[in-house]
Amino acid sequence: MSSITALASIFSFLGCLVLLIISIGNLSHFRKLSEYKTIRKLPKLSVLLPVRNEEENIEKCILSILKQDYPNFELLVLLDNCEDNTEEILKRLQKKSKTLRIIKGKPLPEGWYGKHWACYQLSQYAQGELLLFTDADTSYIRKDAFRRAVSALLIEGVDFLTGLPKEEAVSPGEKLAIPFISFGIHSVIPVKLISRISSPVATVTIGQFMLFKREAYENIGGYEAIRSEVADDIALGRRIKEFGYKWFFLDVSEYVSCRMYKSLGSVIEGFAKNLFGVFNYRILTYFVVWSLVLVIFINPLYVLSLKFLGYSIPKTVLYNSLGSLMALVILFYISYNRFKYPILYVLLYPLTVLIWFYMALLSFYYTITGKASWKGRKVLEHEIRWL
């Protein structure tokens, strides 16, 4: 047994304890949207939806929005050079609703990401005091989702509210990969603590649900200011704090759902385009984080496998590994139970972690080789830094 493995077992055990403390704390401090009562007097809301080739998702999304009981809102949908039947579906739905407005997108300028340009245009047409950016693969489960979200924003006295939806996982591949998003947030992010920290780094923002006070959105520069940032949601959330505005994060999974991808292959393709970008293209930070992920989540199983194969394992290392494994199972159970994922997949967590590690490597490879693309468009080139 090498000293490196022994040190890794100690680090894994301590890391698991920290994550367990965060996760248990989030059971009470990561507030649910359902905890907020609705306010009677609500400002006008603009719901802004960019779409590009979304014929499979668009009808479900639009209908769920139009069913909202919010007293005063508009729904603006911008067509971003769609090549499928998205426009035809939207026009059919528009005939039944005065709330829905369809906008033809302008040609994409150089130096902009397509979605960012679409969202920028939408914000120019919006008339509401509040702006809600959402995605076509997102739907609203309850008809009072908007009322509760706006009420929560006003009650908390914040300028920006984002939330974690129920990230749907239907196929076996999705069930292996997608729940790790909710797990990561619930187990790694101490929500109450970061809400009190002014540093822009202390944020987590979900692009499927971003609710701004219009004044704050415009003063931080909106999408124009982050037009070349691959992770638009993260960049906007950080700018909110950078400019001194109040950021807030909620569990909206009982009200909002999103099926991001429909197979393991599409999950890998989707996250490979921007996972490296989430870390601002910093090589050392990126690989340190993912190495720590392997140490914390995989090392306990490695040690126990050696024991099973007959290798001599010091008792301290063995107990640390057993403790880590128990903590990890509890961690995954807490998250999967809260967000209603199949509990059986808790036992497959090592495979989940390895899938994400593979996506991390692939994202790095695609970025440095310039092969990253999404919906037929190349991902913009970015400066890659060591630190």
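Located above this text is the structure these notes cover.
Residues numbered from 1 in each chain as written. Predicted model: local features only at pLDDT ≥ 70, side-chain atom pairs only at ≥ 80, totals over all residues. Heavy atoms only, no water.

A. Representation of the pattern of salt bridges. Under the definition given, this model contains 14 salt bridges. A salt bridge links Glu35 to Arg31; the shortest N-O distance between them is 2.9 Å. For Glu35, a relative accessible area of 42% gives the class partly exposed. Across the salt bridge formed by Arg214 and Glu218, the nearest N and O atoms sit 2.9 Å from each other. Here Arg214 pairs with Glu218, and both are found in helix H9 (residues 214-219), just four residues apart, close to one helical turn. Judged by relative accessible area, Arg214 falls into the buried class, the value being 18%. (Salt bridge = Lys/Arg side-chain N within 4 Å of Asp/Glu carboxyl O. Buried < 20%, exposed > 50% of the residue type's maximum accessible area, 1.4 Å probe, protein only. Helix = DSSP H or I, 4+ residues; strand = E, 2+ residues; numbered from the N terminus.)

B. Representation of helix H4 (residues 114-125) in the model. If you check H4, its first and last C-alpha atoms are 17 Å apart, about what twelve residues at 1.5 Å a residue would give, namely 16 Å. Within H4, the full set of buried residues consists of Gly114, His116, Trp117, Ala118, Cys119, Gln121, Leu122 and Ser123. (Expected span 1.5 Å × (residues − 1).)

C. Geometry of a nonpolar patch on the surface. A cluster of nonpolar residues, Phe11, Leu284, Val288, Leu292, Trp386 and Leu387, forms a patch on the protein surface that exposes about 630 Å² of accessible area. Among the elements that take part in the nonpolar patch, helix H14 (residues 283-308) stands out by supplying three residues, more than any other. Along the polypeptide, Leu292 turns up in helix H14. Of the residues examined, Leu292 reaches a relative accessible area of 36% and is grouped as partly exposed. (Patch = residues over 30% accessible without salt bridge, like charges linked within 9 Å, V, L, I, M, F, W, Y side chains within 5 Å. Areas by Shrake-Rupley, 256 points an atom, 1.4 Å probe, with all protein chains shown as cover.)

D. Focus on the nonpolar core. Among the nonpolar cores identified, the biggest contains 81 residues, and Phe133, Phe212, Phe249, Phe297 and Trp356 are the most heavily contacted of them. Here this core gets eight residues from one element, more than from any other, and that element is helix H16 (residues 349-369). In contact with Trp356, not counting residues within four places along its chain, are Ala177, Phe180, Ile181, Phe271, Leu275 and Trp290. Among the nonpolar cores identified, the runner-up in size contains 39 residues, and Tyr36, Cys61, Tyr140 and Leu153 belong to it. (Core = buried A, V, L, I, M, F, W, Y, C linked by side-chain atoms within 4.5 Å. Contact = heavy atoms within 4.5 Å.)

E. Quick look at the pairing of strand E2 (residues 73-79). In terms of residue burial, E2 counts as a mostly covered element, since seven of its seven residues are buried. Across the two faces of E2 the burial is the same, with Phe73, Leu75, Val77 and Leu79 and Glu74, Leu76 and Leu78 all buried. Sheet topology note: the strand E1 (residues 45-51)/E2 ladder contains seven bridges and is parallel. Directly across from Val47, in E2, lies its bridge partner Leu75. Once you follow E1 into helix H2 (residues 58-66) and on to E2, the crossover reads as right-handed. By the bridge criterion, five bridges tie E2 to strand E3 (residues 100-104) in an arrangement that is parallel. In the sheet register, Leu79 faces E3, and the bridge partner there is Lys104. A crossover connection joins E2 to the parallel E3 through helix H3 (residues 86-94); in handedness this β-α-β unit is right-handed. (Pairing = 2+ DSSP bridges. Right-handed = clockwise from strand over helix to strand, strands pointing away.)

F. Summary view of the state of the cysteines. Per the stated rule, a full pass over the model turns up zero disulfides. Free cysteine: Cys119, not disulfide-bonded; nearest cysteine sulfur from Cys61 at 13 Å. Take Cys258: it sits in no disulfide, and the sulfur closest to it among the cysteines is that of Cys61, at 9.3 Å. (Disulfide = S-S within 2.5 Å.)

G. Broad picture of the sheet that holds strand E9 (residues 247-251). Judged by pairing direction, the sheet is mixed, and its seven strands sit side by side in the order E3-E2-E1-E4-E8-E6-E9 without closing on themselves. Strands at the two margins of the open sheet, each flanked by one partner only, are E3 and E9. Direction aside, the axes of adjacent strands within the sheet are offset by 20° on average. When strand E4 (residues 130-134) meets strand E8 (residues 209-213), the two strands line up antiparallel, connected through five bridges. Across the sheet, residue Phe133 finds its bridge partner in E8, namely Met210. Here H3 sits on the sheet and contacts E1, E2 and E3; the angle it forms with E3, its principal contact strand, is near 150°. (Axes fitted to C-alpha atoms, helices over the stretch in contact; angles between N-to-C directions.)

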